[in-house]
Amino acid sequence: VKRVIEQELLTEGETFEDVFAEFDAEPLGAASIAQVHRARLTDKFGGREVAVKCQRPAIEPKLLGDIANLKTLAKGVRNVPSIPVDYYVVFSELEKQLADEFDFVKEAAA
């Protein structure tokens, strides 16, 4: 988790310790694409207690690749009468929803 935060969040020349006075290694919660950790910022950054949501490394291209494969398969059975659901549409909607799930900046602003 620390490595991901250092790569994705910190600016050049900034260390983990520059930003976080405390950081719980054990997540408060974990799900398929991310986990959340309790932390306290250093005084330089306001000293507040915060929740840090960290995306699992390389999960976005993996999941979106899986969805692309499912869409390819679903496209081949779109007009099969015995399949009453257009799974291509279902997987396309899932793809859109996942894009929102991966946008942590948009989530933080909401």
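Before reading further, recall that the structure is shown in the block above.
> When you look at the pattern of salt bridges in this model, what are you seeing that I'm missing?
Pairing of side chains with opposite charge becomes possible as their charged atoms draw close. Applying the stated criterion to the full structure yields 9 salt bridges. In this structure, lysine 2 and glutamate 17 form a salt bridge, with 3.1 Å as the shortest nitrogen-oxygen distance. Here lysine 2 is found in helix 1 (residues 2–8), whereas its partner glutamate 17 is found in helix 2 (residues 16–19), with 15 residues between them in sequence. By relative accessible area, which is 49% here, glutamate 17 ends up partly exposed. When the shortest N-O distance is used, the salt bridge between glutamate 107 and lysine 53 registers 2.8 Å.

> Help me understand the pairing of strand 3 (residues 34–41), please; the structure alone is not making it clear to me.
Each regular strand displays side chains that alternate between the two surfaces of the sheet. Of all 8 residues in strand 3, 6 are buried; the element is thus mostly enclosed. Both strand 1 (residues 20–23) and strand 3 contribute to a ladder of 3 bridges, which runs antiparallel. In the strand pairing of strand 3, phenylalanine 23 is matched with alanine 39. With 2 bridges connecting them, strand 2 (residues 29–30) and strand 3 associate as antiparallel partners. Counterpart to glycine 29 in the pairing with strand 3 is valine 36. Between the antiparallel neighbours strand 2 and strand 3 lie 3 residues.

> Looking at this model, I keep getting lost on helix 3 (residues 59–75). Mind explaining?
It helps to recall that an α-helix has 3.6 residues per turn; residues three or four apart then point in one direction. For helix 3, spanning 17 residues, the distance from its first C-alpha to its last is 24 Å, which sits close to the expected 24 Å at 1.5 Å a residue. Listed in full, the buried residues belonging to helix 3 are Ile59, Ile67, Lys71 and Ala74. Each buried residue of helix 3 lies within a common arc of 105° when the element is viewed along its axis, so the set occupies one face. Projecting away from the buried face of helix 3 at angles above 90 degrees are the exposed residues Pro61, Lys62, Asn69, Thr72 and Leu73. Summarising the contacts, the buried residues of helix 3 are in contact with strand 4 (49–55) and helix 4 (87–101).

Cut-offs and rules
- Residues numbered from 1 in each chain as written.
- Predicted model: local features only at pLDDT ≥ 70, side-chain atom pairs only at ≥ 80, totals over all residues.
- Heavy atoms only, no water.
- Salt bridge = Lys/Arg side-chain N within 4 Å of Asp/Glu carboxyl O.
- Helix = DSSP H or I, 4+ residues; strand = E, 2+ residues; numbered from the N terminus.
- Buried < 20%, exposed > 50% of the residue type's maximum accessible area, 1.4 Å probe, protein only.
- Pairing = 2+ DSSP bridges.
- Expected span 1.5 Å × (residues − 1).
- Arc of directions from axis to C-beta.
- Contact = heavy atoms within 4.5 Å.

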